[in-house]
Amino acid sequence: MEVQILSRKLIKPTSPTPPHLKSYKTSSLDQLAPPAYVPFILYYDANGDKNEIDERSKRLEKSLSEILTLYYPLAGRYIKDKQLVDCNDEGAEYLEAQVSGKLAQVLQGELKPELLNSLVPIVMPSETTPLAFVQVNMFECGGLAIALECAHFVIDGITATTFFNAWAKACKAEGINEVIHPIFDLASFFPPRENTMPMVPPKIPGPGANPIITKRFVFNKAAISSLKAIAKGGACDSETSTKRQPSRVVAVTALIWKALIAVAKARHGHLKASILCHSLNLRGKTALPIPDNSFGNFYMVANARFGGNNEGKFELHDLVDALDDSIRNTIDDCMKAQTGDDLVSMMTKSLREAGEERERGETDIYMFSSWCRFPFYEADFGWGKPAWMSIVAIPMEIIGMFDTKDGDGIEAWVSLHEEAMLMFQNYPEIKAFTSQI
């Protein structure tokens, strides 16, 4: 699958940003986000005549320009020293590419995740780098893969998804008038701080190092139902059964954690302590009057711990309980928070705990990010809803979780060092509950 870039341009907002909105202050939660760009791709089957491709391209550009008027910070440039976005309307970068292949090859899982990386823009961060990149990939069959890549230090996954869906709605007949406007108020709740350290992701291996492999593991509805039943520990066994019915995400996350613990034991010859860092969308989960359509980073990291002593067990229900308690306790604490400072302090403590443990090297740190229930599959530009949503291969150890198209299953995108991946994919319960791609 060869991808040829046909054009590259900057798409500016249709209307200039008013003078009083030219400086957008980022929040202290934005400061804590990883200094990275996060991509995702939505795939659309060929729908209609191939001759419509040019017309679709024009509509995509026009509607992107219109939606950037509402999401004006994404057309600006980030000034790190001042912790703000200069909303100068320089634009988002927009690429068009021709793909020598058929979309069906991608949808049928014939391609390794690494090959999908060519469908997203290459970003070289600097002070003049756009905050949003779009790459529209046109397949020979007429199918489209539309990639969005945004700066995590300005927006989170929910904001990026909302922006993408708003763009899709603006592209349709109802147009920009049907789009719910974002609210730019998070900095008033979480003012920027001095000397704030952002989340430090795992190091990317250098040349010659053990490479990191990304694989996709699909848990269907039946597999997740079985996992939930196992996690309950048996209805008659009150000592081992979990206190609550675990969610899909908790059940799948706990199984992956169990496999990672087993892999670490096989590699080191003994059980190792570990911390599972799980991101939580905070919208609707605090007592602060923050609208759901707030623009920016608004999430918390919950840390669940496995002790790792040689006598300890790591049955699925044990890990489900540890993870479920961690998430619920974190949400309870967020609901009790009286001020934005309280939440920022909680986030800082959570990140510092994981960072210090990683530095000591005695505890494994596993980073999970769940985008389940994000409305990717609602993004209809006027030629139907997506056939699939994906991310790309990531060169660091991390696990991303996403809904399958039917909404019942979960796709886990697991990135591990090559040796660990070989053991992980052959772990009996991973083989039993997933299809691997």
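A quick note: this is a predicted structure, and the numbers were derived from the prediction, not measured.

K.L.:
Explanation requested: the packing of aromatic side chains in the structure shown.
P.N.:
The relative placement of two aromatic rings is captured by the distance of their centres and the angle of their planes. This structure, assessed with the given rule, holds 27 aromatic pairs. Ring centres of Y24 and F184 lie 5.8 Å apart, and the angle between their planes is 80 degrees; this geometry places the pair in the edge-to-face category. Here F184 lies in the loop between α4 (157-171) and α5 (186-189) and Y24 lies in strand β2 (residues 23-25), a separation of 160 residues in the sequence. With a relative accessible area of 5%, Y24 lands in the buried category. Given a relative accessible area of 25%, F184 falls into the partly exposed group. Seen in terms of ring centroids, Y37 and F133 are 5.9 Å apart; in terms of plane orientation they differ by 80 degrees. Their pairing is edge-to-face. Within this pair, whereas Y37 is found in strand β3 (residues 37-44), its partner F133 is found in strand β7 (residues 132-139), the two being separated by 96 residues in sequence.

K.L.:
Is there a simple way to explain the nonpolar core in this structure?
P.N.:
A general trend in soluble globular proteins is that nonpolar side chains are found buried together. Formed by 72 residues in total, the largest nonpolar core has its most connected members in F40, I67, I146, F164 and F381. Going through the elements one at a time, β3, α2 (53-70), β6 (92-100), α3 (103-107), β7, β8 (144-151), α4 and β13 (388-390) are the ones with two or more residues in this core. For this core, the element with the highest residue contribution is α4, accounting for nine residues. Among all residues touching F381, those that are not within four sequence positions of it are Y44, R59, L60, I146, F164, W167, A168, C171 and K172.

K.L.:
How do you make sense of the sheet that holds strand β10 (residues 274-281) when you look at a structure like this?
P.N.:
Sheet strands line up and pair through hydrogen bonds in the backbone, either parallel or antiparallel. Strand order in this open sheet of seven strands is β11-β10-β12-β14-β15-β9-β16, and the pairing throughout is mixed. Where the open sheet ends on each side, the last strands, each with one partner, are β11 (299-306) and β16 (435-436). Judged from the two bridges that link them, strand β9 (residues 212-219) and β16 form a sheet pairing that is antiparallel. Bridged to F217 within β16 is Q436. Of the strands in this sheet, β9, β10, β11, β12 (364-370), β14 (398-403) and β15 (410-417) are in contact with helix α7 (residues 248-268), which crosses β12 at around 155 degrees. Of the strands in this sheet, β10, β11 and β12 are in contact with helix α9 (residues 340-360), which crosses β11 at around 40 degrees.

K.L.:
Whenever I open this one, the pattern of salt bridges confuses me. Can you help?
P.N.:
Opposite charge on two side chains allows them to pair when their charged atoms are near. Taken as a whole and judged by the stated rule, the model has 18 salt bridges. Notably, a salt bridge pairs K9 with E61, separated by 3.2 Å at the nearest N-O pair. Of the two residues, K9 is situated in strand β1 (residues 2-11) and E61 in helix α2; the sequence distance between them amounts to 52 residues. With its nearest N and O atoms 2.8 Å apart, the salt bridge here joins R283 to D156. On the criterion of sequence distance, the pair formed by R283 in the loop between β10 and β11 and D156 in the loop between β8 and α4 is long-range, its members being 127 residues apart. In this pair, the class of R283 matches that of D156, namely buried.

K.L.:
I tried to follow the layout of surface pockets on my own but got confused; where do I start?
P.N.:
The gaps of empty space that remain are located by a probe, the size of a water molecule, rolled over the atoms. Put simply, the second largest pocket is a space of about 560 Å³. Lining of the second largest pocket is provided by 25 residues; of these, T162, N165, A166, I180 and P375 occupy positions nearest its centre. The element best represented in the lining of the second largest pocket is α4, accounting for eight residues.

K.L.:
Quick question: what am I supposed to make of the packing of α7 against helix α8 (residues 316-336) here?
P.N.:
When two helices pack together, their arrangement is given by the angle between the helix axes and the distance between those axes. Interhelical geometry of α7 versus α8 gives an angle of 120 degrees and a closest axis separation of 9 Å. With respect to α8, the axis of α7 lies oblique. Crossing handedness for the pair α7 and α8: right-handed. Across the interface between the two elements, V250, A251, T253, A254, L255, W257, K258 and I261 from α7 touch L316, L319, V320, A322, L323, D324 and I327 from α8. Its residues assigned to classes, the contact of α7 with α8 shows 12 nonpolar, one polar and two charged.

K.L.:
Would you take a moment to explain the environment of G361 for this structure?
P.N.:
One can find G361 in the loop between α9 and β12. In this structure the C-alpha to C-alpha distance between G361 and D324, which are 37 residues apart in sequence, comes to 25 Å.

K.L.:
Before we go on, may I ask you to explain unusual backbone geometry in this structure?
P.N.:
For residues that are not glycine, phi is negative in most cases, and the peptide bond is trans in most cases. Within the chain, Q83 stands out as a residue other than glycine whose phi angle is a positive 55 degrees. Non-glycine residue D89 carries a positive phi angle of around 60 degrees. You can call D89 buried: its relative accessible area is 11%.

Criteria and thresholds
- Residues numbered from 1 in each chain as written.
- Predicted model: local features only at pLDDT ≥ 70, side-chain atom pairs only at ≥ 80, totals over all residues.
- Heavy atoms only, no water.
- Phe/Tyr/Trp six-rings, centres within 6.5 Å; stacked < 30°, edge-to-face > 60°.
- Helix = DSSP H or I, 4+ residues; strand = E, 2+ residues; numbered from the N terminus.
- Buried < 20%, exposed > 50% of the residue type's maximum accessible area, 1.4 Å probe, protein only.
- Core = buried A, V, L, I, M, F, W, Y, C linked by side-chain atoms within 4.5 Å.
- Contact = heavy atoms within 4.5 Å.
- Pairing = 2+ DSSP bridges.
- Axes fitted to C-alpha atoms, helices over the stretch in contact; angles between N-to-C directions.
- Salt bridge = Lys/Arg side-chain N within 4 Å of Asp/Glu carboxyl O.
- 1 Å grid on protein atoms, 1.4 Å probe; cavity = no way out; pocket = protein on both sides within 12 Å on 5 of 7 lines; lining within 4 Å.
- Points joined across faces, edges and corners; volume = space filled by probe spheres on them.
- Parallel < 35°, antiparallel > 145°, perpendicular 65-115°, else oblique.
- Left-handed = near helix turned anticlockwise from the far one by under 90°.
- Nonpolar A, V, L, I, M, F, W, Y, C, P; charged D, E, K, R; others polar.

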